[in-house]
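Working through the structure, step by step
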Amino acid sequence: MTLPGAPFLARTGGELRLEGHPLADLARQFGTPLYVYSRAAMRAAAHAYQRALQGRPHLVCYAMKANSSLAVLQTFAQAGCGFDIVSGGELQRVLAATGDASRVVFSGVGKTRPEMRQALLAGVRCFNVESVGELERLNAEALALGRRAPVSLRVNPDVDAGTHPYISTGLKGNKFGIAHGEALAAYRLAAALPGLQVLGIDSHIGSQITQIEPFIDALDRLLDLVEAVEAAGIPLHHVDIGGGLGITYTDEQPPAADELVRRVLQRLDARGHGGRELLLEPGRSMVGNAGVLLTEVQYLKPGDAKNFCIVDAAMNDLMRPAMYEAWMAIEPCVQRAGPAPLWDVVGPVCESGDWLGRERALAVAPGDVLAVLSAGAYGMAMASNYNTRPRAAEVMVDGEAVYLIRARENAAALFSDERLIG
Ligand code: LLP
C-alpha cells in the first residue's frame, strides 16, 4: 500500500519514518500525543503550485486556518507564498512569523471593526469582502483612518463542489459570498465608495474537492462577471479561485496541484484572460499529507460488540473524525507480528463521539505508538482544551534536523487567566 504522505512518509524495516526519522523514536523523545510534520513535504506542496504558475503573474496564499503554527507559516513565507487569513488573530500570527502583511488576503463573512482597522494599519494586500454590509463598514473604517481599503468581492458562484455539506461553501444555500446575480451592483457600489479600491474578484467553493470540473465551472462564472464588471468601467486586477483541492486520506484520487493549475490557466487563456494575476488559497493540499499525529496505546478493551483500543489522543487533539466522520488512516509506528483484530481507536474524552478510527485491523499492545496519517491539515489548528487537556506538542523534521516547534501545553497555564470569586 502507498502511504498518504509518501515519499516523505515511508515504512522501512518495519518502522514508520518521516523524512527518515523513526516516528516511534520521536514519540519517545517528545511524548504523546504529538504532531510531527515534514518540512520537505510542505515545500514540495508549495512548489507544485508554483512550478505550474511559473511565468504567470500569481500569488499562492496559503490558507493558514489549515495549520497556523508559526514555523509552518515561516516555511511557506520562505517558499514565496502569501497567506489567506480569516481573523485578526491569524494576522497577528503572520506578523509574528514573517513581519509582512503585504501578501495577505483577508477572507471571512464576519470581519469586525477592530479586525478591519488592524488589517488596514498592517497593510494587507486585499480584503475579500462577502457582503454589501461589509463593503459599507470597511469603507467607513478606511476613511476614518485616512486610507483606501483594497477589495475583492467574494462571489458565490452557485457551483456544487461535490464534497461534505459542512465544508461545501459555493452553493446558493451557503452563508458565503455575494450572490452571483447581485455582484455587479455590489461592484458598482464598491467603485463609488471613496474609502475602497476595487482590486479583484474571488470565490471559494469548498474543501476536499477531488475533481477539476467544479473549479473550472466556478472560474467560468467568475470570468462572466469579470467581463460584465469591466464592461461597466470597473477594472479588475486579479482573479482568486480560492482553495479546496483535496488530498488522499484513503482511496481518493484528487488531481495533482500542478494539473489543477494547468487546467485553470488553460481556461483563463481560452477566455482571453491569460495576463490577469491569478491568486489561489490552498490550505489542506499544502499541509495535510505533510503531518501525522502520534498517540500511545493505553489500554485494550476487547468486548462482545466491539473491541476498543484506547489511546492518549482524543477528539480535542484531532476533531475531524468526530466532527465530519472523517476517515483517516491509522498505522502502527513499529509493526508487530500476530493477529490483527478490528479495533475502534478511541480517546479518553467522555463522549461516545470521541473516536479517531473505527473497525481498524491492527496488531497492537499497550505502549505501542500509532500514527494517524494525513493529520497536517485541520488537526492542531482545530484542537481544543476540552476536558482540560493540554494541547499536543508539535515537531518539524527538516532533513537531518528535528525541531520542537510548539511545546506541549501545561494544565496550569490553561486556567491562568481565570479568577476565583467570593
Ligand atoms: N479559502 C477560504 C476562503 C476558505 O474558507 C478555505 C477553507 C480555504 C481557502 C482553504 O481550503 P482548503 O484548501 O484547505 O480546502 N475543517 C475542515 C475544512 C474546513 C475548510 C474551511 N475553509 C476539515 O477538516 O475538513
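Residues numbered from 1 in each chain as written. Predicted model: local features only at pLDDT ≥ 70, side-chain atom pairs only at ≥ 80, totals over all residues. Heavy atoms only, no water.

Looking now at the environment of Ala48. Note on placement: Ala48 falls in helix 2 (residues 39–53). Beyond its immediate sequence surroundings of up to four residues, Ala48 is in contact with Ala257 and Asp258. (Helix = DSSP H or I, 4+ residues; strand = E, 2+ residues; numbered from the N terminus. Contact = heavy atoms within 4.5 Å.)

To continue, consider the site of the ligand. The ligand sits among 18 residues. The nearest are Ser207, Glu281, Arg284, Arg320 and Tyr378. Contact distances for the ligand include 2.8 Å between an oxygen atom and a backbone N or O atom of Gly244. Burial of the ligand by the surrounding chains reaches 92%, relative to a free accessible area of 580 Å². For the shell around the ligand, a count of residues per class yields six nonpolar, six polar and six charged. (Near = heavy atom within 4 Å. Polar contact = N/O pair within 3.5 Å; in protein donor to acceptor, adjacent residues only side chain to side chain. Areas by Shrake-Rupley, 256 points an atom, 1.4 Å probe, with all protein chains shown as cover. Nonpolar A, V, L, I, M, F, W, Y, C, P; charged D, E, K, R; others polar.)

This model, assessed by the stated rule, comprises four aromatic pairs. Between Tyr62 and Phe83, the aromatic rings sit 6.4 Å apart at their centres with planes inclined by 75°, giving edge-to-face as the arrangement. Taken together, the residues Tyr62 in strand 5 (residues 58–63) and Phe83 in strand 6 (residues 82–85) connect sequence positions 21 residues apart. Residue Phe83 is classed as buried on the basis of its relative accessible area, which comes to 3%. Ring plane angle 35° and centroid distance 5.9 Å describe the contact between Phe106 and Phe127, whose orientation is recorded as tilted. A residue pair is termed long-range when its members are at least 10 positions apart, and Phe106 in strand 7 (residues 104–106) and Phe127 in strand 8 (residues 126–129) qualify at 21 residues. Pair check on accessibility: Phe106 and Phe127 agree, each one buried. The structure contains a cluster of three or more aromatic residues connected by ring pairs, namely Tyr62, Phe76 and Phe83. (Phe/Tyr/Trp six-rings, centres within 6.5 Å; stacked < 30°, edge-to-face > 60°. Buried < 20%, exposed > 50% of the residue type's maximum accessible area, 1.4 Å probe, protein only.)

With 97% of its residues at a pLDDT of 70 or more, the chain shows a mean pLDDT of 96. For the chain, the element scoring lowest by mean pLDDT is strand 10 (residues 178–179), at 94; strand 4 (residues 34–38) scores highest, at 99. (pLDDT = per-residue confidence, 0-100.)

Now for the nonpolar core. If you look at the biggest cluster of nonpolar residues, it comprises 104 residues, and the most contacted ones within it are Tyr62, Phe76 and Phe127. When residues of this core are assigned to their parent elements, the largest contribution, nine residues, is made by helix 8 (residues 213–231). Two domains each donate at least three residues to this core, and these are domain 1 (9–38 + 288–414) and domain 2 (107–282). Among residues more than four places away in sequence, those in contact with Tyr62 are Asn67, Val72, Leu73, Phe76, Gly82, Phe83, Asp84, Pro282, Gly283, Met286 and Val287. Leu3, Ala24, Ala329 and Val395 belong to the second-largest nonpolar core, a separate cluster that totals 20 residues. (Core = buried A, V, L, I, M, F, W, Y, C linked by side-chain atoms within 4.5 Å. Domains from an automatic or database assignment.)

Turning to the pattern of salt bridges, a few remarks are in order. Following the criterion strictly, the structure yields 25 salt bridges and no others. For Arg51, the salt bridge goes to Asp258, with nearest N and O atoms at 3.8 Å. In this pair, Arg51 is assigned in helix 2 and Asp258 in helix 9 (residues 257–270), connecting sequence segments 207 residues apart. Residue class for Asp258 comes out partly exposed when judged on its relative accessible area of 29%. Across the pair Glu134 and Lys111 runs a salt bridge whose closest N-O atoms are separated by 2.6 Å. With Glu134 in helix 6 (residues 132–144) and Lys111 in the loop between strand 7 and helix 5 (113–122), the pair connects residues that are 23 residues apart, well separated along the chain. We note that Glu134, like Lys111, is buried. (Salt bridge = Lys/Arg side-chain N within 4 Å of Asp/Glu carboxyl O.)

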